[in-house]
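What follows is the residue order along each chain.
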Amino acid sequence: MLAGDLATISEINFDSTEVEFGDGTHLIVERVIQGDNGLMLRVEAKGPKGGQIGQAELPDPSSMDDLPLPFRRLPDGRFLDVRTGRIHNADYMRRRYGVPSRYVPPFVMEAVPWLARLLEGRQTIFIDTKRLDTPPQAGASESANANVPASRIDEYIEQVRIQVNEARRASLLESQSADQSFASRVLQGARTTVRKDELKRRYDEIAERNAELYRNGLSSNSVAVQFPASGVNPTERRVLAVFLEDWEKKIAPLLPVNEKLKTLRRIINEKFIGKTLELDKSGGLSFKTDDGEDIPVRFLSSGEQHILALFTMLLFSASRDSVVLIDEPEISLHAAWKHAFLNDITDVARIADLQVIMATHSSGIINGQWDLVQELGLQR
């Protein structure tokens with residue numbers, strides 16, 4: 001609903017639904033019967049104090065039954081020929097098969113300008129039960145689609161690689177800039193007083209952050225320079241102060257992606273037995289056995305692939321401040337993994353700045369945290 005796709009909204013089984021935004025605004029969608037027009041979707045928005053922002057009534061695509069049998073409408077408004085696997089746009093279907101234009105409903109945001117303004121910037125992500133599947137490619141034949149990878153995991157891992165390498169490039173640029181001006185900045189601070197205890201404290205903090213980067217594969221060495229064990233004279237302290245300033249700037253671009261990697265590795269490595277998630281030299285994710293042998297992602301179990309896909313996508317592909325809707329997160333998950341799921345998803349939501357709403361039939365997922373649950377049922 002928040003995405004504004006009328007076709008997708010119509011596929012959900014509901015009589016009425018309401019969303020309350022953080023600013024107190026309410027968005028309501030109802031199915032109503034309106035005379036000769038048949039089934040309609042009534043879309044209404046109210047402000048924080050209850051005042052109406054806008055209202056519109058649009059035809060409900062779910063009530064349209066004149067689509068030729070071999071075709072299935074896709075959520076994005078295109079049409080799949082189930083015989084050949086080819087995908088056609090609405091214009092082709094109108095010209096070739098006479099499909100009424102009303103069967104291809106507009107996006108709500110195109111049809112209702114006030115709603116476009118209301119939903120602007122409110123991104124949503126829907127993770128359905130087929131989260132590993134790759135949808136058929138537009139215009140591709142059935143045989144061509146057979147060559148398309150059956151999993152989205154490669155796409156999510158590619159996002160990890162992109163973000164890691166972007167962070168590495170930013171770190172390298174900081175390093176090059178610092179190296180070029182190092183000597184001049186040391187000379188500028190020639191008369192600066194630097195306390196040894198403060199210098200040692202800063203060194204320990206930065207060295208620990210760098211060591212964590214090293215453990216997660218983001219740094220090539222665990223410690224760049226050892227702090228002198230013996231006494232440090234004033235000149236050495238001034239040089240070290242400039243060095244620490246540069247070191248801190250160099251690792252700063254790596255810290256956000258490191259937080260994501262640290263969380264992902266913790267979640268995965270706590271659950272996968274006999275294998276460890278690591279960052280390879282290209283910046284992508286890889287798995288190794290306890291004996292150091294590589295394990296291709298496609299050789300992971302269904303449950304392992306599901307949990308890897310879900311958390312990798314949320315950490316590295318989801319936009320910040322998104323609303324994430326997850327359908328049946330328990331699919332293919334080991335019982336013990338279900339019990340840890342809420343805590344894991346809470347950590348991920350905090351780091352990636354997401355709001356997560358889940359629909360589940362599993363008490364294992366809830367794991368006793370019933371205060372977070374809103375039970376839904378049929379109205380009698």
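The structure this text deals with has already been given above.
Each value, and the rule that gives it
Residues numbered from 1 in each chain as written. Predicted model: local features only at pLDDT ≥ 70, side-chain atom pairs only at ≥ 80, totals over all residues. Heavy atoms only, no water. Helix = DSSP H or I, 4+ residues; strand = E, 2+ residues; numbered from the N terminus. Buried < 20%, exposed > 50% of the residue type's maximum accessible area, 1.4 Å probe, protein only. Contact = heavy atoms within 4.5 Å. Areas by Shrake-Rupley, 256 points an atom, 1.4 Å probe, with all protein chains shown as cover. Lys, Arg positive; Asp, Glu negative; His and termini not counted. Salt bridge = Lys/Arg side-chain N within 4 Å of Asp/Glu carboxyl O. Polar contact = N/O pair within 3.5 Å; in protein donor to acceptor, adjacent residues only side chain to side chain. Pairing = 2+ DSSP bridges.

Trainee: Is there a simple way to explain the overall build of the protein in this structure?
Mentor: The helix and strand inventory of the protein stands at twelve helices and 13 strands. Within the protein, the fraction of its 380 residues that count as buried is 41%. Partitioning the contacts of the protein with sequence separation of at least 6, the portion at a separation of at least 24 is 61%. As displayed, the protein has an accessible area near 21400 Å², and 50% of this comes from carbon and sulfur atoms.

Trainee: Looking at this structure, I do not really get the side chain of Lys260. What am I missing?
Mentor: Within the secondary structure, Lys260 sits in helix 9 (residues 255–271). Glu166 provides the closest opposite charge to the buried, salt-bridge-free Lys260, at an N-O distance of 8.8 Å. Within polar-contact distance, the side chain of Lys260 engages the side chain of Gln163 at 3.1 Å. Excluding residues that lie within four positions of it along the chain, Lys260 makes contacts with Gln163, Leu315, Phe316 and Ile351.

Trainee: How do you make sense of the environment of Asn165 when you look at a structure like this?
Mentor: Within the secondary structure, Asn165 sits in helix 6 (residues 153–188). Classification of Asn165 as buried rests on a relative accessible area of 14%. Separated by 89 residues in the primary sequence, Asn165 and Leu254 place their C-alpha atoms 9.6 Å from one another. The residues contacting Asn165, other than those within four sequence positions of it, are Ser282 and Gly283.

Trainee: Hey, could you run me through the sheet that holds strand 9 (residues 275–279) in this one?
Mentor: Pairing between the strands of a sheet is mediated by backbone hydrogen bonds and can be parallel or antiparallel. Strand order in the open sheet made by the three strands is 9-10-11, with antiparallel pairing throughout. Single-partner strands in this sheet number two, and they are strand 9 and strand 11 (294–295).

Trainee: Is there a simple way to think about the pattern of salt bridges in this case?
Mentor: Side-chain pairs of opposite charge can arise where the charged atoms are in close proximity. Across all of its chains, the model carries 21 salt bridges by this definition. The partner of Glu205 in a salt bridge is Arg201, and the shortest N-O contact between them spans 2.6 Å. Of this pair, Glu205 and Arg201 both sit in helix 7 (residues 196–215), four residues apart, which is roughly one turn of that helix. According to the relative accessible area criterion, Glu205 is partly exposed, its value standing at 39%. Across the salt bridge formed by Asp344 and Lys271, the nearest N and O atoms sit 2.7 Å from each other. Of the two residues, Asp344 sits in helix 11 (residues 335–352) while Lys271 sits in helix 9, which places them 73 residues apart along the sequence. The same class applies to Asp344 as to Lys271, namely buried. Through salt bridges with shared partners, one network takes in Arg266, Glu270, Lys271, Asp344 and Asp347.

Just geometry here; none of it tells us what the structure is for.
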